[in-house]
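Here is how the chains run, residue by residue.
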Amino acid sequence: MKKEAPIDNTSLQYLQTRLRGNMLLPGDSGFDAARSIWNSMILREPALIVRCKTTHDVINAVNFAQDQNLVVSVKGGGHNIAGNAVCNGGLMIDLSEMQAVEVDPEKKTVRVEGGCLLGMVDEATQQHGLAVPAGVVSTTGVAGLTLGGGFGWISRKYGLSIDNLLEAEVVTADGNCITASKKENPNLFWGLRGGGGNFGIVTRFTFRLQPVGQVYSGLIVHPFSAARELLQFHRDFIAQAPDELTLWVIIRHAPPLPFLPEAVHGQLVVVVAFCYVGDEAAGAQVMAPYRAWGSPLGEHVGMNPFADWQKSFDGLSTSGARNYWKSHYLHEISDAFIDTVIPYAADFPSPDCEVLIPQLGGAISRVPEDETAFTNRQAPTLINLHTRWEKAADDEKNIRWAREFFEALKPFSTGGVYVNFIGEEDETRVHDAYSAATWKKLVSLKVKYDPQNFFHMNQNIRPSQYH
Ligand SMILES: Cc1cc2nc3c(=O)[nH]c(=O)nc-3n(C[C@H](O)[C@H](O)[C@H](O)COP(=O)(O)OP(=O)(O)OC[C@H]3O[C@@H](n4cnc5c(N)ncnc54)[C@H](O)[C@@H]3O)c2cc1C
């Protein structure tokens, strides 16, 4: 049973003497900002926040929580939909002051501290024409994203974030700091690549870097009335797309983009977002049939610095809104699937809701399933039903729409789910994120590294699930 009573002052003072970073208690200036996360649906109040500056701070925080029998949560970028970065009444270990990024352009590697956001890594690595494959919103945390897998615009060419991970520095539940890599603690290294924050706190990641310069990229916006034919064309197009190209279909109300006529702003549209990693002429040639298809309402296409392109969805994904989403991996984009999507998308419960269908495959699918703890590598795509709104009074209608839509899509699902897209109410789906063999191995790793389930504010793999 974890402690509910307040932590005594003497213990707190002792902890502060051992920290380079600072501590925040409820009522302290900065406490509310530190406990706030991307999804404002989740409002929890820790008894104590430790803002770590060093790996030693993390070790001290872990030891303190163990001594005091406190629930622990770990905040990387705070972007997770389930809000596991924050706990109620326990100790939140906040890594947001651990954001150093060190690029080694000779070795083509980058060392990234556990509190970094994706944009920080892009800014540093792009100075050398290099990049780590990661997600499509630059304010997402490297840690949570990587520990669940991490896919984005260049993953079809260069793999998931975990496929580029070389080494991790990990603080375990017993307060030790160990290295995980293919050579050191290889089983732990396997588990960190897809198994989430179950085995310890990663204070530093070392990634292999890939060559990425400017990217041929952009948005093509079609009217919603073309959705059916467009999705059919898209399905056939992506079936033969090279690994350099990644396309996402997004159905939503049109944001006020300057290249769209004003009359289109706020209208229901289908946005095709794409990124080609390679030279402009090759990208333009590959995308020519797509650009020639139908009668787009507008497009904005050209060469963009990769770090800028990585920020192109930031404006639609700011923190502070209420969010709820549900997600399926898909076998294919069948006609029956399209016919199920269209009526739900035509009936979005709030103006900022969206349906996202990212293209996967390519290099992601060529890594053997048992190489890492990430499952579902063969799925060519997934669908994320993202509802987003402002007022608590609208919770019910948004959540109901997503749940009903999700149920309707079940016949098209592989049954799997991306562990980083599992919401708060869906924790029973953690099992669905893994194959049976991977699950068994993950549970036995949990038994070895965290038998007391000290790290359970995550997509939790319980040691008791061992059989
Ligand atoms: C707007 C938006 C866009 C997204 N786009 C993509 C995308 O393109 N591709 C993709 O793959 N995913 C995407 N995601 C999902 C994203 O990968 C997850 O939300 C991920 O968990 C975010 O990591 P974080 O560090 O920001 O989150 P946090 O909420 O801080 O942490 C998430 C989980 O990881 C644990 N954790 C955090 N840091 C550490 C650490 N250092 N050591 C151990 N455990 C830790 C936390 O305790 C928590 O359980 C997106 C999410 C959002 C909200």
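Residues numbered from 1 in each chain as written. Predicted model: local features only at pLDDT ≥ 70, side-chain atom pairs only at ≥ 80, totals over all residues. Heavy atoms only, no water.

(A) The site of the ligand, seen in detail. In the vicinity of the ligand lie 34 residues, with Val74, Gly78, Asn80, Phe151 and Tyr418 positioned nearest. Within the backbone of Val202, a nitrogen or oxygen atom sits 2.8 Å from a nitrogen atom of the ligand. Between Tyr418 and the ligand, the recorded distance is 2.6 Å, taken from a side-chain N or O atom to an oxygen atom. With the chains in place, 96% of the 950 Å² that the ligand exposes on its own is no longer accessible. A total of 4 residues in the shell around the ligand trace back to one element, the largest contributor, which is helix α5 (residues 142–148). (Near = heavy atom within 4 Å. Polar contact = N/O pair within 3.5 Å; in protein donor to acceptor, adjacent residues only side chain to side chain. Areas by Shrake-Rupley, 256 points an atom, 1.4 Å probe, with all protein chains shown as cover. Helix = DSSP H or I, 4+ residues; strand = E, 2+ residues; numbered from the N terminus.)

(B) Region of interest: the sheet that holds strand β4 (residues 91–94). Pairing is mixed across the open sheet formed by 4 strands, whose spatial order is β1-β2-β4-β3. Looking at which strands have only one partner, the edges of the open sheet turn out to be β1 (22–24) and β3 (72–75). For this sheet, the mean inter-axis angle between neighbouring strands, taken without regard to orientation, is 20°. Bridge analysis of β1 against strand β2 (residues 48–51) gives 3 bridges, and the strand direction is antiparallel. Paired with Met23 across the bridge in β2 is Val50. Against the sheet, helix α1 (residues 9–17) engages β1 and β2, with an angle of about 145° to β1. (Pairing = 2+ DSSP bridges. Axes fitted to C-alpha atoms, helices over the stretch in contact; angles between N-to-C directions. Contact = heavy atoms within 4.5 Å.)

(C) The arrangement of the nonpolar core in detail. By size, the foremost hydrophobic cluster in this structure holds 43 residues, and its most contacted members are Leu247, Ile251, Met287, Tyr290, Phe337, Val355 and Ile383. In this view, Tyr290 contacts Ile220, Leu230, Phe233, His234, Phe237, Leu247, Val249 and Val272; residues no more than four positions away in its chain are not counted. (Core = buried A, V, L, I, M, F, W, Y, C linked by side-chain atoms within 4.5 Å. Buried < 20%, exposed > 50% of the residue type's maximum accessible area, 1.4 Å probe, protein only.)

(D) Representation of the sheet that holds strand β15 (residues 298–305) in the model. Strand order in this open sheet of 7 strands is β15-β12-β14-β13-β17-β18-β16, and the pairing throughout is antiparallel. Of all strands in the sheet, those bounded by a partner on one side alone are β15 and β16 (322–330). The sheet shows a mean angle of 15° between the axes of neighbouring strands, direction not considered. As paired elements, strand β12 (residues 214–223) and strand β14 (residues 268–276) share 8 bridges and run antiparallel to each other. Counterpart to Tyr216 in the pairing with β14 is Tyr276. Against the sheet, helix α8 (residues 227–239) touches β12, β13 (245–253), β14 and β17 (354–358), its axis set at about 165° to β13. With respect to the sheet, helix α13 (residues 395–409) is in contact with β16, β17 and β18 (381–389), its orientation differing from that of β18 by roughly 165°.

(E) Representation of the packing of α8 against helix α11 (residues 335–345) within the structure. Close contact between α8 and α11 brings their axes to 10 Å; oriented N to C, the two are set at 145°. Handedness of the α8/α11 crossing: right-handed. For the pair formed by α8 and α11, the contact residues are Ala227, Arg228, Leu231, Gln232 and Arg235 on the first element and Asp335, Ile338, Asp339 and Ile342 on the second. Its residues placed into classes, the contact of α8 with α11 shows 4 nonpolar, 1 polar and 4 charged. (Left-handed = near helix turned anticlockwise from the far one by under 90°. Nonpolar A, V, L, I, M, F, W, Y, C, P; charged D, E, K, R; others polar.)

(F) Representation of the domain arrangement of the protein chain in the model. Assigned domains of the protein chain: these are domain 1 (12–94), domain 2 (101–211) and domain 3 (214–427). When each unit is reduced to the centre of its C-alpha atoms, the spacing between domain 1 and domain 2 is 22 Å. With 12 residues of domain 1 at the interface, the matching set in domain 2 holds 17 residues. Of all residues in domain 1, the largest losses of buried area upon contact with domain 2 belong to Thr55, Ile59 and His79, amounting jointly to 42% of the total for that side. Remark: the boundary between domain 1 and domain 2 carries 0 salt bridges. At the boundary of domain 1 with domain 2, the tally comes to 4 residue pairs in polar contact (both at pLDDT 80 or more). The element best represented in the side of domain 1 that touches domain 2 is helix α3 (residues 55–68), accounting for 6 residues. For the side of domain 1 that touches domain 2, a count of residues per class yields 5 nonpolar, 6 polar and 1 charged. (Domains from an automatic or database assignment. Buried area = accessible area lost by both parts, 1.4 Å probe. Salt bridge = Lys/Arg side-chain N within 4 Å of Asp/Glu carboxyl O.)

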